[in-house]
Amino acid sequence: MTPLVRVRNLHYSYDNGTQALRGVDFELYPGESVALLGANGSGKTTFVLHLNGLLTGQGDVEVAGLPVNATHLQQIRRKVGMVFQDADEQLFMPTVLEDVAYGPANLGLPPEEAVHRALHALEAVGLKHLEKRAPYQLSAGEKRRAAIAGVLAMAPEILVLDEPTTYLDPPAQRELIRLLAALPQAKIIVTHDASFALAAAHRAVFFQQGIIAAAGPVPEILHRFRWTVTQHSE
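A quick note: this is a predicted structure, and the numbers were derived from the prediction, not measured.

(A) Spotlight on the pairing of strand β3 (residues 33–37). For β3, the buried fraction is high: five of the five residues fall into the buried class. Side-chain alternation along β3 places S33, A35 and L37 on one buried face and V34 and L36 on a second face that is also buried. Relative to strand β8 (residues 186–190), β3 runs parallel, the two sharing four bridges. For A35, the partnering residue across the bridge sits in β8 and is I189. Where β3 meets strand β9 (residues 203–208), four bridges bridge the pair, whose relative direction is parallel. Of the residues in β9, the one forming a bridge with L37 is F206.

Have a look at this one:
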């Protein structure tokens, strides 16, 4: 099977000299969900920001067979949907529907098509009944689902979620797990939450000081690095 994402020997250093990635190799296949685990500063978020060209390091990064570079950036960003840690960063329009339709409209789609995509995405995340609601009136869980709907309306092949359980109570986390399980896209999930990784991912990779120290089934990686729910649900 051909990987959707293929990364080889990726290096990245920040302007202050911090070496964030030191030779990362990674593959993501259609339909799978992969949890990225590791301590703060281990390189997880830096890594995923390379997948749609928000950061550019040294090495080879391909998405759906396309090199991630200036030539293919527009195509890449349609294929990779990023859901950031703070949902409020992605919700800024007067209503939920307008927010979710913003991305498709920005692609140049006719207004009717953008709204159609937005309504379909809202239905997929269970928020169609809140289409006229102002985003600030939503709960934390509803905001997370609205942010995901905004990404889904762009019809991506890959979802990248950065700490998706932030600010979510246990019922909202369970709703998010059910939602992600029902979505067909391949998923990369950056998380510190061991229980969420177990429920939402097929396998895990463990980042440590800018490299992938291990990869394998989620329970095996959690056990190997003593990555516990108690330790990392703070």
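That shown, we press on.
(B) Region of interest: the side chain of E163. With respect to the helices, strands and loops of the structure, E163 is situated in the loop between β7 (158–162) and α6 (170–182). The side chain of E163 sits in the buried core without any salt bridge; K44 is the nearest counter-charge, 5.1 Å away. Residues within four places of E163 in sequence aside, it is in contact with Q85, R144, V190, T191 and H192.

Conventions we followed
Residues numbered from 1 in each chain as written. Predicted model: local features only at pLDDT ≥ 70, side-chain atom pairs only at ≥ 80, totals over all residues. Heavy atoms only, no water. Buried < 20%, exposed > 50% of the residue type's maximum accessible area, 1.4 Å probe, protein only. Helix = DSSP H or I, 4+ residues; strand = E, 2+ residues; numbered from the N terminus. Pairing = 2+ DSSP bridges. Lys, Arg positive; Asp, Glu negative; His and termini not counted. Salt bridge = Lys/Arg side-chain N within 4 Å of Asp/Glu carboxyl O. Contact = heavy atoms within 4.5 Å.

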